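Geometric and topological summary
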Amino acid sequence: MTQGDDMSRQARSYADAGVHIHDADSIKERIQQSLKPTLDSRSLGVGSFGSLFHLQGYNDPVLVSSCDGVGTKLKLAALLGRNRTVGHDIVNHCINDILCCGAMPLFFLDYIAMARLDTSQIADIVDGIATACRDSGVALIGGETAEMPGFYVEGIYDLVGFIVGVVERPHIIDGRGIVPGDVLLGLPSSGLHTNGYSLARRVFNIDADPSQLGRRYAELGGTLGDALLAPHRPYHRMLEPHLPLVKGLAHITGGGFAGNVSRILPPGVAASIDVSSWPVPSVFKLIQETGGVAQDEMYRVFNMGIGMVVVASPNEAAQLARALPDAYTIGSIAHHDAGERVVLN
């Protein structure tokens, strides 16, 4: 008998290979309980292989979709056993992305994968997703869990979200109307949101010493873990009543201002942003000082305290500033002939 023959006889079932179908079925039942409070009459249930949603009440609807992940913030949540937070992160991140087109969210699906299905961990993640969906009026209509032994490291998981929203065709926001003289407003973030965690982990040596997450910092008003796990802030509720005043929206995620504001600028214009026009939260200052990270790199990687940039004409910007008391006037639109499309001053 060869060694290969011996090994093959030790794996006579899916469970022997590390996949536990019974556990997956039990988890699905638990997930169904979390889904129910997010559903309404538009949610027609789960079919044999898909979920059904009835679109109604629109004249000329355009569906807007987005897919994203939480990134290595997941590792911090797993280390601290605070997995509900990343459920909020993935929902709010996706909502903000489709908001940049003027869309309001309709329904959401998730994908969770790990080496060995952990019922408690998955329940916490889905509870966070369901709570965020319920808070934002989004139907959590389905999802998928995957047990992948030998692919993921034990204790670590991946989380991906898929969202579909809707906007009436005449109300699509696409930045085409942005012209020189328009004003940029910035809405504060709650922290890093879901970007820059690989750098933050490296700066604080978290992979080698997870206890750093429990260290308290006076300037943070709590632990490093608390600051880094602050949930991604959603902006659709505050902006929805004022979207007719808006010409463009940029969700500040990976790539910072340069990588995201540039995406909504039409040809011939550039954005000038005054980085002294808002207070940079302490968590970013701590990362920069601890890691010796250059200023340019900080603004390329992190949102630096601004989670959403709103572009409007001067008159509409003044109305928005009155309606959104925590907004900052952070810059303006100018002519562009050559050079950078987004300039940080």
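Shown above is the structure to which this text applies.
One structure accompanies this document, and this report is about it. (Residues numbered from 1 in each chain as written. Predicted model: local features only at pLDDT ≥ 70, side-chain atom pairs only at ≥ 80, totals over all residues. Heavy atoms only, no water.)

A short note on the packing of helix α3 (residues 73-80) against helix α4 (residues 84-99)
Test applied: Between the N-to-C directions of two axes lies an angle of 0 to 180 degrees, each axis being a line fitted to C-alpha atoms and, for a helix, fitted only over the stretch in contact. Secondary structure follows DSSP: runs of H or I at least 4 residues long count as helices, runs of E at least 2 residues long count as strands, and numbering of each begins at the N terminus. Angles below 35 degrees are treated as roughly parallel, those above 145 as roughly antiparallel, those between 65 and 115 as roughly perpendicular, and all remaining angles as oblique. The contact criterion used is simple: two residues touch if any of their non-hydrogen atoms lie within 4.5 Å. Residues are sorted three ways: Asp, Glu, Lys and Arg are charged, Ala, Val, Leu, Ile, Met, Phe, Trp, Tyr, Cys and Pro are nonpolar, and all the rest, Gly among them, are polar.
Interaxial distance between α3 and α4 falls to 9 Å at its minimum, and their mutual angle equals 160°. The orientation of α3 relative to α4 falls into the category roughly antiparallel. Contact residues: α3 offers Lys73, Leu74 and Ala77, while α4 offers Thr85, Val86 and Asp89. Of the residues belonging to the contact of α3 with α4, the class tally is three nonpolar, one polar and two charged.

Structural notes on the sheet that holds strand β11 (residues 269-273)
For clarity, the cut-off: One requirement defines pairing of two strands: DSSP has to find at least two bridges between them.
Taken in spatial order, the six strands make up an open sheet running β10-β12-β7-β13-β11-β14, and their pairing is mixed. Either end of the sheet is taken by a strand with one partner, and the two such strands are β10 (248-251) and β14 (342-344). In this sheet, neighbouring strand axes are inclined to one another by 25° on average, regardless of whether the strands run parallel or antiparallel. Relative to strand β13 (residues 328-335), β11 is paired through five bridges, and the arrangement is antiparallel. Counted as the bridge partner of Ile273 is Gly331 from β13. Seen against the sheet, α4 touches β10 and β12 (306-312) and runs at an angle of roughly 155° to β10.

Points about the nonpolar core
Here is the rule: Only buried Ala, Val, Leu, Ile, Met, Phe, Trp, Tyr and Cys residues count toward a nonpolar core, and they belong to the same one when joined by side-chain atoms within 4.5 Å. The cut-offs for exposure are 20% and 50% of the maximum accessible area for each residue type, with area from a 1.4 Å probe on protein chains only; residues under the lower value are buried, those over the upper are exposed, and the others partly exposed.
One finds Phe108, Leu228, Phe257 and Val261 to be the most contacted residues of the largest nonpolar core, which totals 77 residues. With seven residues, the top contributor of residues to this core is helix α5 (residues 119-136).

Observations concerning the sheet that holds strand β6 (residues 157-168)
The four strands lie next to each other as β3-β6-β4-β5, forming an open sheet whose pairing is mixed. Every interior strand has two partners, whereas the edge strands, β3 (61-69) and β5 (139-147), have only one. Going across the sheet, the axis of each strand differs from the next one's by a mean of 15°, ignoring polarity. Looking at chain direction, β3 and β6 are connected through nine bridges and run antiparallel. For Cys67, the partnering residue across the bridge sits in β6 and is Phe162. Relative to β6, α4 is tilted by about 35°, and along the sheet it contacts β3, β4 (104-114) and β6.

So, the state of the cysteines
As a reminder, the rule being used: Any cysteine sulfur atom paired with another within 2.5 Å is treated as part of a disulfide.
Under the counting rule described, the total for this entry stands at zero disulfides. Looking at Cys67, it has no disulfide partner, and the nearest cysteine sulfur is the one in Cys94, 6.8 Å off. Of all cysteine sulfurs, the one in Cys94 lies closest to Cys133, which takes part in no disulfide; the gap is 9.5 Å. Owing to a relative accessible area of 0%, Cys133 belongs among the buried residues under this scheme.

Considerations on the packing of aromatic side chains
To keep it simple, the criterion reads: Pairing of aromatic rings covers Phe, Tyr and Trp, the last counted by its six-membered ring, and requires centre-to-centre distances within 6.5 Å; plane angles under 30 degrees mean stacked, over 60 mean edge-to-face, and any other angle means tilted.
For the structure shown, the criterion picks out five aromatic pairs. An angle of 45° between the planes, with centres 5.5 Å apart, marks the rings of Phe257 and Trp278 as tilted. You can see Phe257 sitting in helix α9 (residues 256-261) and its partner Trp278 sitting in the loop between β11 and α10 (282-291), a full 21 residues away along the chain. The pair Phe257 / Trp278 is uniform in exposure class, with both members buried.

Describing the pattern of salt bridges
Note the following rule: Salt bridges are defined as contacts in which a side-chain nitrogen from Lys or Arg sits within 4 Å of a carboxyl oxygen from Asp or Glu.
The full count for this structure, using the stated rule, is 13 salt bridges. Residue Asp226 is joined to Arg82 by a salt bridge in which the shortest nitrogen-to-oxygen separation is 2.9 Å. Of this pair, Asp226 sits in helix α7 (residues 224-228) while Arg82 sits in the loop between α3 and α4, and the two are 144 residues apart along the sequence. Its salt-bridge partner being Lys247, residue Asp182 comes within 3.0 Å of it at the nearest N-O pair. With a gap of 65 residues between them, Asp182 in the loop between β6 and β7 (183-188) and Lys247 in the loop between α8 (236-239) and β10 connect regions that are remote in the sequence.

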